[in-house]
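One-letter residues, chain by chain:
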Amino acid sequence: MMKQKLAILGTLLLALSLAACSGMRRIPEKTGSVGRCNDGYLVGGVQLPSSGEIIVLEPQFAYGTPTLVHSIEAAAADMRANYPDTVSMVVGHLSRPEGGPLRPHKSHQSGRDFDVAYYAKDNQLIRGFVDMRRGKLDVAKTWEFIELMLEHADVQYILMDWDVQKIMYEELRLFESEWKLRKLFQYPRKPGNRTGVIRHAPSHHNHMHIRIHCPDDDWFCLD
Ligand SMILES: [Zn+2]
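Rules used throughout
Residues numbered from 1 in each chain as written. Predicted model: local features only at pLDDT ≥ 70, side-chain atom pairs only at ≥ 80, totals over all residues. Pairing = 2+ DSSP bridges. Helix = DSSP H or I, 4+ residues; strand = E, 2+ residues; numbered from the N terminus. Axes fitted to C-alpha atoms, helices over the stretch in contact; angles between N-to-C directions. Parallel < 35°, antiparallel > 145°, perpendicular 65-115°, else oblique. Contact = placed C-beta atoms within 7 Å. Expected span 1.5 Å × (residues − 1). Buried ≥ 20, exposed ≤ 12 C-beta atoms within 10 Å, placed from the backbone. Arc of directions from axis to C-beta. Core = buried A, V, L, I, M, F, W, Y, C linked by C-beta atoms within 7 Å. Left-handed = near helix turned anticlockwise from the far one by under 90°.

Undergrad: Explain the pairing of strand β1 (residues 32–36) residue by residue, including any values.
TA: Taken together, the five bridges between β1 and strand β2 (residues 39–43) define a ladder with antiparallel strand orientation. Looking across to β2, one finds that S33 is bridged to L42. Linking two consecutive strands that pair antiparallel, namely β1 and β2, is a turn of two residues.

Undergrad: So, the packing of helix α3 (residues 139–152) against helix α4 (residues 162–172): which residues are in play, and what are the values?
TA: Their axes nearest at 10 Å, the elements α3 and α4 cross at an angle of 95°. Here α3 is positioned roughly perpendicular relative to α4, judged by the angle of their axes. Of the residues in α4, those touching α3 at V139, T142 and W143 are I167, M168, E171 and L172.

Undergrad: Tell me what's going on with α3, and back it up with residues and numbers.
TA: Taking 1.5 Å per residue, 14 residues should reach 20 Å; α3 reaches 20 Å between its end C-alpha atoms and fits that length. Among all positions in α3, only K141, T142, F145, I146, L148 and M149 are buried. The arc that holds the buried residues of α3, viewed along the axis, is 160°, so those residues lie on one side. Of the surrounding elements, those touching the buried residues of α3 are α2 (66–82), β8 (155–159), α4 and β10 (208–212).

Undergrad: Can you explain the environment of T65? Please cite residues and give values.
TA: As for its placement among the helices and strands, T65 is situated in the loop between β5 (63–64) and α2. Put simply, T65 and C214 are 149 residues apart on the chain and 10.0 Å apart in space, counted from C-alpha to C-alpha.

Undergrad: Which residues make up the nonpolar core, and what values do they have?
TA: By size, the foremost hydrophobic cluster in this structure holds 49 residues, and its most contacted members are L48, I72, V91 and V116. Only β2, β4 (54–56), α2, β6 (89–91), β7 (113–116), α3, α4 and β10 provide two or more residues apiece to this core. The element best represented in this core is α2, accounting for six residues. Excluding residues within four positions of it along the chain, V91 makes contact with L48, I54, I55, V56, L57, A62, I72, F114 and V116.

Undergrad: Describe the packing of α2 against α3, naming the residues involved and giving the relevant values.
TA: With their axes 9 Å apart at the nearest point, α2 and α3 run at an angle of 135° to one another. When the axes of α2 and α3 are compared, the pair comes out oblique. In terms of crossing hand, the pair formed by α2 and α3 is right-handed. Residues S71, A74, A75, D78, M79 and N82 of α2 lie in contact with α3, whose contacting residues are E144, F145, L148, M149 and H152.

Given below as structure tokens:
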């Protein structure tokens, strides 16, 4: 299967270089994520709309693959079902309509990344991203959201500041199994340790960055 995928990928890369030479931008009829999140683009992207459950901060930068957009909507709907009075989920950037570079990010180029606010204590609605290292974080609701995303999407990783991981981990260990937490969190290992779905990255004390894997049947997408 992998050999077949590599062969098709090779054909794609050849076709892309020929297309570039002839001035064409891309192969028509392909939809989804093309290439890597740091150096790819998006074809047939779907816009994540604001709704009763979701506030999209910048709609013009809220395009993703259908898989990503549907998984965010499913998680938001379940959050509302589990917490009927909850404030809406606050979502930052996904990608541009056709992907490609999007400041200030290195990734967010191929419709498989999105930024989302942490849930704040006292059901406070914050229409933006604020530092959660000083007692504002609602651990239970943020954890519920993470579990729903893991359920609805094939999550590659979640970027979360190490100090926020520590706050989450130390509260969650009171009612979650240590085995499960150690599988998902990088903490209490060091920030550079490449273990766990939830990993440290600078500047992620005020929001999480979530990336989903390429779908198995998407030959043009690179993890
Ligand atoms: Zn991001």
